[in-house]
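Survey of secondary and tertiary structure
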Amino acid sequence: MSEIERQVRGWWTRLMEWLHGAQHGDAARKAKTAMQDVRASEAARKAEAALHDLRASEAGRKAEAAIRDLREGEAGRKAKEAFRDLRDSEAVGKAREAARDALGDLREGEAGRKAKAAMRDLRDGVSSRDKS
């Protein structure tokens, strides 16, 4: 069995155990309760108030103005243009094409068939264990 097949089997097994395990449901509920407690805590209220004060402060207003100037200024326009040029460049086009070819090979090639077979084996193995 290849390394990717082992990884896929491991991921699938863990996913199915997590989906079917009652203890994970309890863990999720406990984590959710803990997050709600953190949000409602005094420290969270203080942090929220501090952020509000920062936004309303002179320093916060100056920072927002600086960001706005950067977006609307010459430097922001140059950065946008550079990203646009990069996105439209031949190198990015070749990289996109190579990625499309690789995905196509994975879907239609031998590696893709092996991965699909491994997923079927995993699914069938988990289903047969659940029935017994």
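A quick note: this is a predicted structure, and the numbers were derived from the prediction, not measured.

With that settled, consider the overall build of the protein chain. Counting secondary structure elements, the protein chain contains 7 helices and 0 strands. In the protein chain, the succession of α and β elements from N to C terminus is α-α-α-α-α-α-α. When the accessible surface of the protein chain is totalled, it reaches about 11,100 Å², and 57% of it is carbon and sulfur.

Quick look at the pattern of salt bridges now. With the rule as written, the count across this model stands at 5 salt bridges. With its nearest N and O atoms 3.2 Å apart, the salt bridge here joins Lys94 to Glu90. Note that Lys94 and Glu90 are positioned in helix α6 (residues 90-108) at a spacing of 4 residues, about one turn of the helix. Take Lys94 and Glu90: they sit in the same class, and that class is exposed. When the shortest N-O distance is used, the salt bridge between Glu110 and Arg113 registers 3.2 Å. Of this pair, Glu110 and Arg113 both sit in helix α7 (residues 110-131), 3 residues apart, roughly one helical turn.

Right, let's talk about a positive patch on the surface for a bit. A cluster of basic side chains, namely Arg68, Arg71, Lys80, Arg84, Arg87, Arg96 and Arg100, defines a positive patch on the protein surface. Counting residues per element, the positive patch draws most heavily on helix α5 (residues 74-87), which supplies 3 residues. Along the chain, Lys80 turns up in helix α5.

We now examine the packing of helix α3 (residues 42-56) against helix α4 (residues 58-72). Two elements in contact, α3 and α4, have axes separated by 4 Å at closest approach and are oriented at 65°. Listed contacts from α4 to Leu54, Arg55 and Ala56 of α3 are Glu58, Gly60 and Arg61. Class assignment of the residues belonging to the contact of α3 with α4 gives a composition of 2 nonpolar, 1 polar and 3 charged.

Before going further, it helps to examine a negative patch on the surface. Negative charge collects at one region of the surface, where Glu97, Asp101, Asp105 and Glu108 lie side by side. Within the secondary structure, Glu97 sits in helix α6. Using a relative accessible area of 48% as the deciding quantity, one classes Glu97 as partly exposed.

Here we take up the packing of α4 against α5. As a packed pair, α4 and α5 sit with axes 4 Å apart at the nearest point and diverge in direction by 50°. With respect to each other, α4 and α5 are oriented oblique. Where α4 approaches α5, its residues Leu70, Arg71 and Glu72 are matched on the opposing element by Glu74, Ala75, Gly76, Arg77 and Lys80. Residue composition of the contact of α4 with α5, by class: 2 nonpolar, 1 polar and 5 charged.

Reading the values: rules and limits
Each residue is numbered by its place in its chain's sequence as written, counting from 1. Confidence filtering applies because this is a predicted model: local features only for residues at pLDDT of at least 70, side-chain atom pairs given and counted only at 80 or more, and all residues used for totals across whole chains, interfaces and linings. Derived side-chain values reflect all non-hydrogen atoms in the structure, with water molecules and hydrogen atoms excluded from consideration. Elements are defined by DSSP. Helices are runs of H or I of four residues or more, strands are runs of E of two residues or more, and each kind is numbered from the N terminus. Using a 1.4 Å probe, accessible areas were evaluated by the Shrake-Rupley method; residue-level cover was limited to the displayed protein chains. We define a salt bridge as a side-chain nitrogen of Lys or Arg found within 4 Å of a carboxyl oxygen belonging to Asp or Glu. Only protein chains enter the calculation, and the probe is 1.4 Å; a residue is then buried if its accessible area is under 20% of its type maximum, exposed if over 50%, and partly exposed in between. Think of a patch as exposed residues, more than 30% relative accessible area, with no salt bridge, where like charges cluster within 9 Å and nonpolar side chains (Val, Leu, Ile, Met, Phe, Trp, Tyr) cluster within 5 Å. The convention is simple: Lys and Arg are positive, Asp and Glu are negative, and His and the chain ends are not counted. To locate a charge, the coordinates of NZ of Lys, CZ of Arg, CG of Asp or CD of Glu are taken. Axes, fitted as lines to C-alpha atoms, cover a helix only where it is in contact. Angles between the N-to-C directions of the axes lie from 0 to 180 degrees. The contact criterion used is simple: two residues touch if any of their non-hydrogen atoms lie within 4.5 Å. Gly is put with the polar residues, along with every residue not named as nonpolar or charged; the nonpolar set is Ala, Val, Leu, Ile, Met, Phe, Trp, Tyr, Cys and Pro, and the charged set is Asp, Glu, Lys and Arg. Working rule for angles: under 35 degrees goes down as roughly parallel, over 145 as roughly antiparallel, 65 to 115 as roughly perpendicular, anything else as oblique.

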